[in-house]
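What the coordinates show
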Amino acid sequence: MSLIGLWGDHGQTALETSRVCLINATATGTEILKNLILPGIGSFTVVDSCKIQGEDVGNNFFLSKDAIGQSRAKVATELLSELNNDVTGDFVEESAESLLESNDGFFQQFTVVIATNLCERTLLKLGKCLWANNIPLLVCRCYGFIGYIRLVIREHAVIESHPDSAHEDLRLDRPFPSLVKYLDSIDLSCMNKKDHCHTPWLVVLYKYLQEYKAKHQGQIPKVYKEKNELKELIKAGIQRNDDGIMEEEENFDEAVKAVNTALIPTKVPANIEQLFEDPDCENLNAESSNFWILVRSLKEFVANEGKGALPVRGTIPDMTADSERYIQLQRIYHNQADTDVAAVSRRYHDLVQSLGLAGCISEQEIKTFCKNAAFLRLVRCRSLEVEYSPQSEKIKFQVQHLDSEDPDDVVFYVLLRAVDSFYDTHSSYPGWYADQVEADVHKLKGCLTKLYHEWGVPCNIKDDYVHEMCRYGASELHTMSAFIGGAAAQEAIKVITRQFVPINNTFIYNAMKQTSVTVEL
């Protein structure tokens, strides 16, 4: 099942060549894999040493009653493989902890590793191994009505971030020479009715913008009053019939509407400026990634050929116009974009040569980079090792404000950490045995107090939340697994295709109130 419309043929290629590892075929784990197998990952491997038990069958659609006692990894792999014949499935009947002890290089073969239901000790060991090899790790968990996703990735560059809304790159505030030449060659005053009402609004706006600038020392309108003055100039240009009544000219209406969006000053976005100032951009070396060499090439372009601006994107929006003039406009923007791409490409190859490297990206990739130059994103997560350190300042800051009647959902992150501490001490989860729920409440409070003591801040979580975590008894509800499975698969696809911006770095879902929070921890 191809979804090329979402991420393009190059994104689909990345997906089809990816290798995904799932640790533990839990309900959440199999739901994640289902949502990766259907769009067509290359292959998957399930690592799980457990045998299927009754509770597995109760919440996991990829395990059956007849399979109780069999290998969970084997059965899950067989049933998941039926979803897509083009995807190769494999399994390893061994625990992640055992694999890390005997062959830690095993996990280095994968594009992304997804871990569910790992104890804290094994998780930290796995995280350290993958972090050292720059392999993305996605930690997922469902605990009662709480869902948790943690992305662990050292550095993830996104070129095609697909922003929800972005202004067109028309450069009317600083038109390039070929655009000026074309626009100046058009004379609205001597057109017949047909040509006048089919002149692209971009041309109309440019013409009346010149009139406005002539009256205001070359300045473009910036505030509401100034923009209204330009709008009135455009409206006054609409042709009138013999009775003096304004004709209906949709292109002029479009020009009036575009005043608010098409005249936004052309400048380098703040987040791109931050990339230019990043040490990895400033200090290139033989180990630098193609992304940073491209960013450096872009920076040099902006300082030279671009004269303070990014490469022209090369696209224009739909508008009321005759085909001939619309295509002429399209070609002008497209040609300027090609000129800018060529300039960035020359700078890229010069840098690659100076570093003694062999350029390994295509001209199409450079073109894609330039087209999306305004939307580049960089995600740098913290390692689990740093997060779990008692000295973590970000954790301390987040947990100091959870004493209100309706605290932030970060409270459940703290409670999950306390639950893991409980498991390490008692080899079971709080509330796992129905007759020990009340006793476990007291024990979990102790784990919570110990955790806060390590952070050096007073414990401020209300008892109701502790009781709720014990009431869950580490249950993994299928509805929760399905939701988190979809969300986690989406994040995995973002990482694999390097498109869209993944979470940074922790996502918590509270099904009781249907709320969620994404926070850097």
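Residues numbered from 1 in each chain as written. Predicted model: local features only at pLDDT ≥ 70, side-chain atom pairs only at ≥ 80, totals over all residues. Heavy atoms only, no water.

- For the protein chain, the name recorded in an unreviewed UniProt entry is NEDD8-activating enzyme E1 regulatory subunit, with Dreissena polymorpha as its organism.
- As recorded by UniProt, the Sequence similarities (unreviewed entry) comment attached to the protein chain reads in full: "Belongs to the ubiquitin-activating E1 family. ULA1 subfamily." (UniProt positions renumbered as here; feature names shortened; annotations may be inferred.)

1. Description of the pattern of salt bridges
- This model, assessed by the stated rule, comprises 25 salt bridges.
- The partner of Glu247 in a salt bridge is Lys193, and the shortest N-O contact between them spans 3.5 Å. You can see Glu247 sitting in the loop between helix H10 (224–236) and helix H11 (250–262) and its partner Lys193 sitting in helix H8 (residues 193–197), a full 54 residues away along the chain.
- Residues Arg471 and Glu468 are paired through a salt bridge, measuring 2.7 Å at the closest nitrogen-oxygen approach. You can see Arg471 and its partner Glu468 sitting in helix H21 (residues 463–472), 3 residues apart, about one turn around the helix.
- Overall, Arg471 belongs to the exposed group, its relative accessible area being 56%. (Salt bridge = Lys/Arg side-chain N within 4 Å of Asp/Glu carboxyl O. Helix = DSSP H or I, 4+ residues; strand = E, 2+ residues; numbered from the N terminus. Buried < 20%, exposed > 50% of the residue type's maximum accessible area, 1.4 Å probe, protein only.)

2. Things to note about the side chain of Ser18
- When you line up the elements, Ser18 lands in the loop between helix H1 (4–16) and strand E1 (19–23).
- On the accessibility criterion, Ser18 (1% relative accessible area) is buried.
- At 2.6 Å, the side chain of Ser18 forms a polar contact with the backbone oxygen of Leu15.
- If we skip the residues at most four places from it in the chain, Ser18 touches Ile41, Gly42, Ser43, Thr111 and Ile496. (Polar contact = N/O pair within 3.5 Å; in protein donor to acceptor, adjacent residues only side chain to side chain. Contact = heavy atoms within 4.5 Å.)

3. Focus: empty space enclosed by the protein
- According to the stated counting rule, one finds 1 cavity of 30 Å³ or more in the structure shown.
- The space that makes up the largest cavity amounts to roughly 40 Å³.
- Around the largest cavity, the lining residues are Gly127, Leu130, Trp131, Asn134, Ile135, Leu137, Val152, Ile153 and Arg154. (1 Å grid on protein atoms, 1.4 Å probe; cavity = no way out; pocket = protein on both sides within 12 Å on 5 of 7 lines; lining within 4 Å. Points joined across faces, edges and corners; volume = space filled by probe spheres on them.)

4. Digging into the pairing of strand E4 (residues 112–116)
- The buried count for E4 comes to 5 of 5 residues, which makes it a mostly enclosed element.
- Burial of E4 is two-sided: the residues Val112, Ile114 and Thr116 facing one way and the residues Val113 and Ala115 facing the other way are all buried.
- Pairing of E1 with E4 involves 4 bridges; the strand directions are parallel. Residue pairing for E4: Val20 is matched across the bridge by Val112.
- At this point the chain moves from E4, through helix H6 (residues 120–132), to the parallel strand E5 (residues 137–143), and the crossover so formed is right-handed. (Pairing = 2+ DSSP bridges. Right-handed = clockwise from strand over helix to strand, strands pointing away.)

5. What to know about the packing of helix H7 (residues 177–184) against helix H9 (residues 201–215)
- Direction vectors running N to C along H7 and H9 enclose 90°, while the axes themselves pass 10 Å from each other. When the axis of H7 is compared with that of H9, the two are roughly perpendicular. Counting all contacts with H7, which are made through Val180, Leu183 and Asp184, the residues of H9 involved are Leu202, Val203, Tyr206 and Lys207.
- For the contact of H7 with H9, the class distribution of residues is 5 nonpolar, no polar and 2 charged. (Axes fitted to C-alpha atoms, helices over the stretch in contact; angles between N-to-C directions. Parallel < 35°, antiparallel > 145°, perpendicular 65-115°, else oblique. Nonpolar A, V, L, I, M, F, W, Y, C, P; charged D, E, K, R; others polar.)

6. Here we look at the environment of Gly237
- On the secondary structure map, Gly237 appears in the loop between H10 and H11.
- Along the chain, Gly237 and Leu188 lie 49 residues apart, while their C-alpha atoms are 8.9 Å from each other.
- Setting aside residues no more than four positions away along its own chain, Gly237 makes contact with His196, Tyr208 and Phe252.

7. A closer look at the sheet that holds strand E10 (residues 515–519)
- An order of E3-E2-E1-E4-E5-E6-E9-E10 is seen for the 8 strands of this open sheet, with the pairing classed as mixed. Edge positions in the sheet fall to strand E3 (88–92) and E10, since each of these pairs with one other strand and no more. Looking at each pair of strands side by side, their axes are set apart by 15° on average, direction ignored.
- Contacting strand E2 (43–47) and E3, helix H4 (residues 72–81) runs over the sheet at an angle of about 175° to E3.

8. Description of the nonpolar core
- Residues Ile23, Phe107, Val113, Leu126, Leu137 and Val414 are the most contacted members of the largest nonpolar core, which totals 59 residues.
- When near neighbours in sequence (up to four residues on either side) are disregarded, Val414 contacts Val399, Leu402, Leu448, Leu451, Tyr452, Trp455 and Ile461.
- Counting 43 residues, the second-largest nonpolar core is a separate cluster that includes Leu33, Val46, Val87 and Cys381. (Core = buried A, V, L, I, M, F, W, Y, C linked by side-chain atoms within 4.5 Å.)

9. Details of the layout of surface pockets
- Considering only enclosed or pocket space, the second largest pocket measures out at about 900 Å³ in volume.
- Lining the second largest pocket are 27 residues, and of these Ala157, Ile159, Phe291, Glu365 and Arg498 lie nearest its centre.
- Elements that contribute at least two residues to the lining of the second largest pocket include exactly H1, strand E7 (156–158), helix H14 (290–303), helix H16 (363–371) and helix H22 (478–497).
- For the lining of the second largest pocket, the class distribution of residues is 11 nonpolar, 10 polar and 6 charged.

10. What about helix H20 (residues 437–455)?
- Under the 1.5 Å per step criterion, the end-to-end length of H20 is 27 Å for 19 residues, consistent within 8% with the ideal 27 Å.
- Every buried residue belonging to H20 is among Asp440, Val441, Leu444, Cys447, Leu448, Leu451, Tyr452 and Trp455, and all of these are buried. On an axial view of H20, the arc spanned by its buried residues comes to 135°, and they lie on one face. Exposed side of H20, more than 90 degrees from the buried face: His442 and His453 are the residues found there.
- For H20, the secondary structure elements touched by its buried residues are helix H18 (393–399), helix H19 (410–426) and H21.
- Downstream of H20 by a residue or two, Gly456 has a phi angle that is positive, lying close to 80°. (Expected span 1.5 Å × (residues − 1). Arc of directions from axis to C-beta.)

11. Comments concerning the packing of aromatic side chains
- In total, this model carries 12 aromatic pairs according to the counting rule given.
- Centroid distance Tyr143 to Tyr429: 6.1 Å. Interplanar angle 75°. Geometry classified as edge-to-face. Placement of the pair is Tyr143 in strand E5 and Tyr429 in the loop between H19 and H20, with a sequence separation of 286 residues.
- On the basis of an interplanar angle of 75° and a centroid distance of 5.2 Å, the ring pair of Phe291 and Trp292 is categorised as edge-to-face. The two residues Phe291 and Trp292 agree in class, both being buried.
- By way of ring pairs, the aromatic residues Tyr143, Phe145, Tyr423, Tyr429 and Tyr472 are connected into one cluster.
- Taking NZ or CZ as reference, Arg417 lies 4.0 Å from the ring centre of Tyr388, over its face. (Phe/Tyr/Trp six-rings, centres within 6.5 Å; stacked < 30°, edge-to-face > 60°. Lys NZ or Arg CZ within 6 Å of the ring centre and 35° of its normal.)

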